[in-house]
Amino acid sequence: IPVEQAVRDDLYQDDPVSWAEDFLDVHLWSKQRQVLESVFNNRRTVVRSCHSAGKTFIAAVAVLAFAYLKRPCKIITTAPTWYQVTDLLWSEIRRLYRDRLLPKGFQGEVLTTRLRLSADHFATGISPNESVNFQGFHSENILVICDEAPGVARDVLEGAESLMASGNAHMLWIGNPTIPSGHFYDAFRLDNWARIAISAYDTPNFSGEAVPSGLENVLISKGWVEEKRLEWGEDSALFDSRILGVFPDSTDEQLISLQAVESAVLRRVRPDGEVVMGVDVARFGSDETVIIVRQGDQVLDIQSRNQTDMMEICGLVQDTRTRFSVDRVQVDEIGLGAGVIDRLREMGVEAVGVNSARKAAESDKYFNLRTELWFMIKEWVDHGSLPDYPKLTEDLSAPQYSFTSRGQYRLEGKDDIKKRIGRSTDFGDALAIALYQPPPKPVYKMRKVRGI
């Protein structure tokens, strides 16, 4: 970098907004200025935004400002898909560099997803498919940007998190608040994040904030908001997320809303009826074996164990069964659960096996028993009472559903849920097993045979 440029840039070290306005020739409206200042002044910044508020644009501005004001530095960006990396965020970066910085003599080499100032000073966009792609980046200054962050896989974010070990490391997550669970949602509940919210009503077309002519045409408009208000309704999840920039109670595809689960936590009911135990047996790794005891509409107890062998699980079941006078023990019989059932029966416990992959009782309505059981949870939560147990709350509000070609409900796959929330829904599955109603045992009648 030429000496005269370095001196010139030093004048802007604590003022990235002025640098962007002077050298990129852009006008940043108030919330965009707040985002850019936060990226430089805070280690972690998370932004939930309405549609068409210029969030990807300000992320591109942050990349260029950090690249030229922090020397040396490495900037790593990602998004849920490679298309979003190359054709959205990096399209803005390439345009701003070629149209604004290059004519002013700023040195650097820009490629499809890379801006190179030197071998140890660059910005790059990386594939969202593998967390290992984040390894090996070390620099005096680091910036990590996750565009459309709610859709970025948990393992990718964990890989990005490894870069925050650097002394002057900064991170920006930005996106629409589409899902009221997972990493993006959690960031807005943690004090170590600088949290910024952008509603349509904060933008210049609604607030009356003065902006240059033409800028109002690229921001969310009053006409579009009114169209969507009539189309979606003000109480819809889409209106919450895309207009208000707030997390919806549920997405259109979310099975159980966060609000419904939290209402069940506050609800008090009288335990009544038989006491049923549901046991979801961990299969491997970080999964947990979870035991839930339910009496009627009340969850009485939750226990969990990690990496526990079958004999310990059987002992825990026996102890819990005695303490709560359990009438029926129900166990997930897929995988290791089959061994647990065999041992319990050997011990004299009438354990009921639950195979969630089997056909649903209402097979014309539900894709499989697992889907049917989770829809039972959905109905139960509306009148049941839950303990204040964060993992259970997150589990119940996480799964989404779709439809098969036959019109059956189909619950989101376990692996897909795990990618989003970072773990299996062991606690939710245990409640599903506790709600299972075994079919009545067949009654056999003796038939009289002639002549006998």
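Residues numbered from 1 in each chain as written. Predicted model: local features only at pLDDT ≥ 70, side-chain atom pairs only at ≥ 80, totals over all residues. Heavy atoms only, no water.

A. Spatial organisation of the sheet that holds strand β12 (residues 328-332). The strand order across the open sheet built from 5 strands is β11-β10-β9-β12-β13, with neighbouring strands paired in mixed fashion. Every other strand in the sheet has two partners, leaving β11 (298-306) and β13 (351-354) as the edge strands with one partner each. Pairwise comparison of adjacent strand axes, ignoring direction, gives a mean angle of 20° for this sheet. In terms of strand pairing, strand β9 (residues 275-280) meets β12 through 4 bridges, oriented parallel. Along β12, the bridge assignment pairs Val276 with Arg328. Contacting β9, β10 (288-295), β11, β12 and β13, helix α17 (residues 426-435) crosses the sheet at an angle of about 40° to β10. (Pairing = 2+ DSSP bridges. Helix = DSSP H or I, 4+ residues; strand = E, 2+ residues; numbered from the N terminus. Axes fitted to C-alpha atoms, helices over the stretch in contact; angles between N-to-C directions. Contact = heavy atoms within 4.5 Å.)

B. Quick look at the sheet that holds strand β3 (residues 109-111). Taken in spatial order, the 8 strands of this open sheet run β3-β4-β5-β2-β6-β7-β1-β8, and their pairing is mixed. In this open sheet, the two edge strands, each paired with only one partner strand, are β3 and β8 (194-198). Neighbour-to-neighbour, the strand axes of this sheet turn through a mean angle of 10°, independent of strand direction. Alignment of strand β1 (residues 44-49) against strand β7 (residues 168-175), held across 5 bridges, turns out to be parallel. Note on β7: the bridge partner recorded for Arg48 is Gly175.

C. Representation of the packing of aromatic side chains within the structure. Summed over all chains, the structure comprises 22 aromatic pairs. Seen from their ring centres, Tyr201 and Phe206 are 5.1 Å apart, and the 75° between their planes marks the pair as edge-to-face. Pairing Tyr366 with Phe375 gives two aromatic rings, centres 5.3 Å apart and planes at 50°, and the pair type is tilted. For the pair Tyr366 and Phe375, one class covers both residues: buried. Over the ring of Phe122 we find Arg114; its NZ or CZ atom is 4.1 Å from the centre of that ring. The cationic tip of Arg410 hangs over the ring face of Phe367; the distance from NZ or CZ to the ring centre is 4.1 Å. (Phe/Tyr/Trp six-rings, centres within 6.5 Å; stacked < 30°, edge-to-face > 60°. Buried < 20%, exposed > 50% of the residue type's maximum accessible area, 1.4 Å probe, protein only. Lys NZ or Arg CZ within 6 Å of the ring centre and 35° of its normal.)

D. Representation of the pairing of strand β4 (residues 114-118). The pairing of β3 with β4 spans 3 bridges and is classified as antiparallel. By the bridge assignment for β4, Leu111 is matched with Arg114. Once β3 ends, the chain turns through 2 residues before running back antiparallel as β4. Pairing of β4 with strand β5 (residues 121-125) involves 4 bridges; the strand directions are antiparallel. Each bridged residue has a counterpart across the sheet, and for Ser118 the counterpart in β5 is His121. Hairpin connection of β4 to β5: 2 residues between the antiparallel strands.

E. Up close: the layout of surface pockets. Taken as a whole, the largest pocket holds about 590 Å³ of empty space. Forming the boundary of the largest pocket are 24 residues, of which Gln32, Gly54, Phe57, Glu92 and Val218 lie nearest the centre. For the lining of the largest pocket, the secondary-structure elements that each account for two or more residues are α4 (55-69) and α5 (82-101). Among the residues making up the lining of the largest pocket, the classes are represented as 10 nonpolar, 8 polar and 6 charged. (1 Å grid on protein atoms, 1.4 Å probe; cavity = no way out; pocket = protein on both sides within 12 Å on 5 of 7 lines; lining within 4 Å. Points joined across faces, edges and corners; volume = space filled by probe spheres on them. Nonpolar A, V, L, I, M, F, W, Y, C, P; charged D, E, K, R; others polar.)

F. The nonpolar core, seen in detail. Trp19, Leu24, Leu36, Leu64, Tyr68, Leu101 and Leu115 are the most contacted members of the largest nonpolar core, which totals 56 residues. The element that contributes the greatest number of residues to this core is α4, accounting for 13 residues. Excluding residues within four positions of it along the chain, Leu115 makes contact with Leu64, Ala67, Tyr68, Trp90, Tyr97, Glu109, Val110, His121, Phe122 and Ala123. Val290, Leu373, Val381 and Leu386 belong to the second largest nonpolar core, which has 33 residues in total. (Core = buried A, V, L, I, M, F, W, Y, C linked by side-chain atoms within 4.5 Å.)

G. Broad picture of the environment of Tyr185. Here Tyr185 is to be found in helix α7 (residues 183-187). Sequence spacing of Tyr185 and Arg48 is 137 residues, and the spatial spacing of their C-alpha atoms is 9.2 Å. Discounting chain neighbours no more than four positions away, the residues touching Tyr185 are Ile179, Pro180, Phe247 and Leu258.

H. Main features of empty space enclosed by the protein. Overall, the coordinates contain 3 cavities of 30 Å³ or more when judged by the stated rule. Reported here for the largest cavity is a volume of approximately 90 Å³. Of all the secondary structure elements, the ones that give two or more residues to the lining of the largest cavity are α14 (369-381) and α17. The residue inventory of the lining of the largest cavity, partitioned by class, reads 5 nonpolar, 1 polar and 5 charged. If you add up the space inside the second largest cavity, you get close to 60 Å³.

I. Layout of a nonpolar patch on the surface. Side chains of Met310, Met311 and Leu336 sit close together on the surface and give an oily, nonpolar patch of about 260 Å² of accessible area. Checked against the element boundaries, Met310 lands in helix α12 (residues 310-323). (Patch = residues over 30% accessible without salt bridge, like charges linked within 9 Å, V, L, I, M, F, W, Y side chains within 5 Å. Areas by Shrake-Rupley, 256 points an atom, 1.4 Å probe, with all protein chains shown as cover. Salt bridge = Lys/Arg side-chain N within 4 Å of Asp/Glu carboxyl O.)

J. Seen up close, the pattern of salt bridges. Summed over the entire model, instances satisfying the criterion amount to 16 salt bridges. The salt bridge involving Asp191 is made with Arg195; its shortest N-O contact spans 3.7 Å. Asp191 sits in the exposed class, given a relative accessible area of 71%. As a salt-bridge pair, Asp319 and Arg323 come within 3.1 Å of each other at their nearest N and O atoms. In this pair, Asp319 and Arg323 are both assigned in helix α12, 4 residues apart and thus about one turn of the helix distant.

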